[in-house]
Amino acid sequence: MTDDKKPDYMAMINQAWDLSNLVRECVKKEGRDVPVQEAVEKFFLPSGIIDIDKTNKESGSPPKVFFTNPYGLQYRPEYKDWIPFRHGPI
């Protein structure tokens, strides 16, 4: 939150990009694709910002990971990467 008690949406979207970049760096470092389940278990769940119930109910195909804030990550199979998306009101 900022000083005026409004949510810091920029910080929230940056969290999403940071998690996306963690997976991207792992791909570069290990020279292999990181399967969706591995990305979820190794990077997203440990972040502590995943809305597990919503993710389990609404993930869909392609997979989405919902955060406890209005953002999340969606897998793009054609690029084999994760990008932020907004799922809640701002």
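Located above this text is the structure these notes cover.
A few points on the structure. These figures come from a predicted structure and were not determined experimentally. (Residues numbered from 1 in each chain as written. Predicted model: local features only at pLDDT ≥ 70, side-chain atom pairs only at ≥ 80, totals over all residues. Heavy atoms only, no water.)

### So, the overall build of the protein
A count of helices and strands for the protein gives 3 helices and 3 strands. Helices and strands appear in the protein in the N-to-C order α-α-α-β-β-β. Computed over its C-alpha atoms, the radius of gyration of the protein comes to 13 Å, within 12% of the 12 Å expected for a compact globule of 90 residues. The principal-axis extent of the C-alpha atoms belonging to the protein is close to 45 × 30 × 25 Å. When each of the 90 residues of the protein is scored for burial, the buried share is 33%. A separation threshold of at least 6 residues defines the contact pool for the protein, and within that pool the share at least 24 residues apart is 31%. Looking at the protein as shown, the accessible area adds up to about 5800 Å², and 52% of this sits on carbon and sulfur atoms. In the protein, the 13 positive side-chain charges and the 14 negative ones have mean positions that sit 2 Å from each other. (Helix = DSSP H or I, 4+ residues; strand = E, 2+ residues; numbered from the N terminus. Rg over C-alpha atoms; globule rule 2.2 N^0.38 Å. Buried < 20%, exposed > 50% of the residue type's maximum accessible area, 1.4 Å probe, protein only. Contact = heavy atoms within 4.5 Å. Areas by Shrake-Rupley, 256 points an atom, 1.4 Å probe, with all protein chains shown as cover. Lys, Arg positive; Asp, Glu negative; His and termini not counted. Charge placed at Lys NZ, Arg CZ, Asp CG, Glu CD.)

### Considering unusual backbone geometry
Residue Pro-62 follows Ser-61 across a cis peptide bond; omega there is 5°. Note on placement: Pro-62 falls in the loop between α3 (52-58) and β1 (64-66). Here Lys-80, not a glycine, exhibits a phi torsion of approximately 55°, which is positive. Structurally, Lys-80 can be placed in the loop between β2 (71-76) and β3 (81-86).

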